[in-house]
Amino acid sequence: MPIKERPLRILAGCGFFIMLALLFIGGHQPASGHLFTPPWDKVAHFCFFATLTLLGAIAFIKLPLPLLGIIVISLGGADEIHQLFVPGRHAGLDDLAADVTGCVLALLVAFWLRRQLILYFKQA
C-alpha cells in the first residue's frame, strides 16, 4: 500500500514544530544544560539538528534546500543566543558548529531523499 504524500508531509511538519518547541521551551530549563556530558552533548546537537533538517526537507518540500539550511542554522544560532539569558546554561561556538555540521550532512541526505520521494509519489 503506497504512502500518501500529504499525510507524510503533515507528520513531518508536526515533528519539526514539536522539536522546535522542545528546543526553546525545554532548553529554557537551567538543568537542561546538564543532560549530556561532553562529548555527548555535541553528538546530541548534531543529531537534533540533522533530524530537524530532514523533517523540514520532507515537510516543506517546495522550500529550496539551501534556504532550509539557512533557516535551521539560524535556529541553532538563536538557540545559542537564547542560552545566554538562561541561568545555568552557556552558549558556545562549539555547540553551533555541531548544529551546522548536523544540518549540512542532513542537507546532503535530503537532496537524495527528496529525489526518491518525488519519484515514489509520481509512481503511486
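Residues numbered from 1 in each chain as written. Predicted model: local features only at pLDDT ≥ 70, side-chain atom pairs only at ≥ 80, totals over all residues. Heavy atoms only, no water.

## Some remarks on helix H4 (residues 93–123)
A rise of 1.5 Å per residue sets the reference length of H4, with its 31 residues, at 45 Å; its end C-alpha atoms lie 44 Å apart and thus fit the reference within 8%. Along its length, H4 shows its largest kink, about 25°, at Val 109. Within H4, burial applies to Asp 95, Ala 98, Asp 99, Gly 102, Cys 103, Ala 106, Leu 107, Ala 110, Arg 114, Leu 117 and Phe 121. (Helix = DSSP H or I, 4+ residues; strand = E, 2+ residues; numbered from the N terminus. Expected span 1.5 Å × (residues − 1). Bend = angle between axes of the 7 residues up to and from the residue. Buried < 20%, exposed > 50% of the residue type's maximum accessible area, 1.4 Å probe, protein only.)

## Points about the side chain of Thr 53
Residue placement: Thr 53 occurs in helix H2 (residues 40–59). For Thr 53, a relative accessible area of 0% gives the class buried. Sequence-distant contacts of Thr 53, defined by excluding residues within four places in its chain, comprise Leu 68, Val 72, Cys 103, Ala 106 and Leu 107. (Contact = heavy atoms within 4.5 Å.)

## A closer look at the pattern of salt bridges
Applying the stated criterion across every chain yields a total of three salt bridges. Between Asp 41 and Lys 42 there is a salt bridge, with its nearest N and O atoms 2.6 Å apart. (Salt bridge = Lys/Arg side-chain N within 4 Å of Asp/Glu carboxyl O.)

## Quick look at the environment of Gly 13
Inspection of the secondary structure assignment puts Gly 13 in helix H1 (residues 5–26). Separated by 42 residues in sequence, Gly 13 and Leu 55 have C-alpha atoms that sit 6.7 Å apart.

## Brief notes about H1
The first and last C-alpha atoms of H1 sit 31 Å apart over 22 residues, in line with the 32 Å expected at 1.5 Å per residue. Among the residues making up H1, those that are buried are Ala 12, Gly 13, Gly 15, Phe 16, Met 19, Leu 20 and Leu 23. Along the axis of H1, the buried positions cluster into a sector of 160°, meaning they face one direction only. Turned more than 90 degrees away from the buried face of H1 sit Arg 6, Leu 11, Ile 18, Leu 22 and Ile 25, all of them exposed. Where H1 is buried, its residues contact H2 and helix H3 (65–83). (Arc of directions from axis to C-beta.)

## Remarks on the environment of Leu 52
In this fold, Leu 52 is placed in helix H2. Accessibility expressed as a relative area gives 0% for Leu 52, which makes it buried. As for Leu 52 and Leu 11, which are separated by 41 residues in sequence, their C-alpha atoms are 13 Å apart. Discounting residues that sit within four places of it in the chain, Leu 52 has contacts with Phe 16, Met 19, Leu 20, Val 72 and Leu 75.

## Quick word on the nonpolar core
Counting residues in hydrophobic clusters, the biggest one holds 21 residues, and the most contacted among them are Phe 16, Leu 20, Phe 48, Phe 49, Leu 52, Leu 65 and Val 72. Contributions of two or more residues to this core are made by H1, H2, H3 and H4. The leading source of residues in this core is H2, at seven residues. Setting aside chain neighbours within four positions, we find Leu 20 in contact with Leu 52 and Leu 75. (Core = buried A, V, L, I, M, F, W, Y, C linked by side-chain atoms within 4.5 Å.)

This is a description of form; function is not addressed.
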